[in-house]
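Coordinate inspection notes
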Amino acid sequence: MQVVTDQIRNFLQYVAVQFIEFPAEAQLKVTELGPKRLRFKLVLRQSDVALLIGRNGFSASAIRGVIKSISEREDVNVSLQIHSHEEEAEMQARDPRH
């Protein structure tokens, strides 16, 4: 599963830098939720969240499609969440495990 994790991490790091204005503030978090289940979370500046998601969510949907094709080859279930730093702090305040 490490191969899939590394491939997706490299892909997200490359793509995020292409879309957003403040890549130095971006954080990529990976959580193993169970056997063959991963969650990737991009935490960005609020203005960058909108840029990465794109109009009507088309950019985020395309990114998720590529991630899905990478993960399906290895039979791994992968999800991608895109949040602002403020949203992430709020979620952690409610549930520290998040």
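A quick note: this is a predicted structure, and the numbers were derived from the prediction, not measured. (Residues numbered from 1 in each chain as written. Predicted model: local features only at pLDDT ≥ 70, side-chain atom pairs only at ≥ 80, totals over all residues. Heavy atoms only, no water.)

Per the secondary structure count, the protein includes four helices and three strands. Helices and strands in the protein line up, N terminus first, as α-β-β-α-α-β-α. Since a compact globule built from 98 residues should have a radius of gyration of about 13 Å, the 13 Å found for the protein is in line with a globular shape. For the protein, the spread of C-alpha atoms along the three principal axes comes to 35 × 30 × 25 Å. A buried classification covers 34% of the 98 residues belonging to the protein. Relative to all contacts within the protein whose residues are 6 or more apart in sequence, the contacts with residues 24 or more apart total 64%. Looking at the protein as shown, the accessible area adds up to about 6100 Å², and 50% of this sits on carbon and sulfur atoms. In the protein, which carries 13 positive and 13 negative side-chain charges, the distance between the mean positions of the two groups comes to 4 Å. (Helix = DSSP H or I, 4+ residues; strand = E, 2+ residues; numbered from the N terminus. Rg over C-alpha atoms; globule rule 2.2 N^0.38 Å. Buried < 20%, exposed > 50% of the residue type's maximum accessible area, 1.4 Å probe, protein only. Contact = heavy atoms within 4.5 Å. Areas by Shrake-Rupley, 256 points an atom, 1.4 Å probe, with all protein chains shown as cover. Lys, Arg positive; Asp, Glu negative; His and termini not counted. Charge placed at Lys NZ, Arg CZ, Asp CG, Glu CD.)

On to the sheet that holds strand β1 (residues 27-34), then. In spatial order, the strands read β1-β2-β3; together these three strands make up an open sheet with mixed pairing. Looking at the sheet topology across the chains shown, the edges are occupied by β1 and β3 (77-84). Along the sheet, successive strands turn relative to each other by an average axial angle of 20 degrees, direction set aside. In this sheet, strand β2 (residues 37-44) lies alongside β1 in antiparallel orientation, the contact comprising seven bridges. Bridge pairing links E32 to L38 in β2. (Pairing = 2+ DSSP bridges. Axes fitted to C-alpha atoms, helices over the stretch in contact; angles between N-to-C directions.)

So, about the environment of V66. Inspection of the secondary structure assignment puts V66 in helix α3 (residues 58-73). Judged by relative accessible area, which is 33%, V66 ranks as partly exposed. Taking the C-alpha atoms as reference, V66 lies 28 Å from Q92; in sequence the two are 26 residues apart.

What follows covers the environment of I53. With respect to the secondary-structure elements, I53 resides in helix α2 (residues 46-53). A relative accessible area of 29% places I53 in the partly exposed class. Between the alpha carbons of I53 and I82 there is a distance of 7.9 Å; along the sequence they are 29 residues apart. Not counting residues within four places of it along the chain, the set of residues in contact with I53 comprises F58, S59, A60 and I82.

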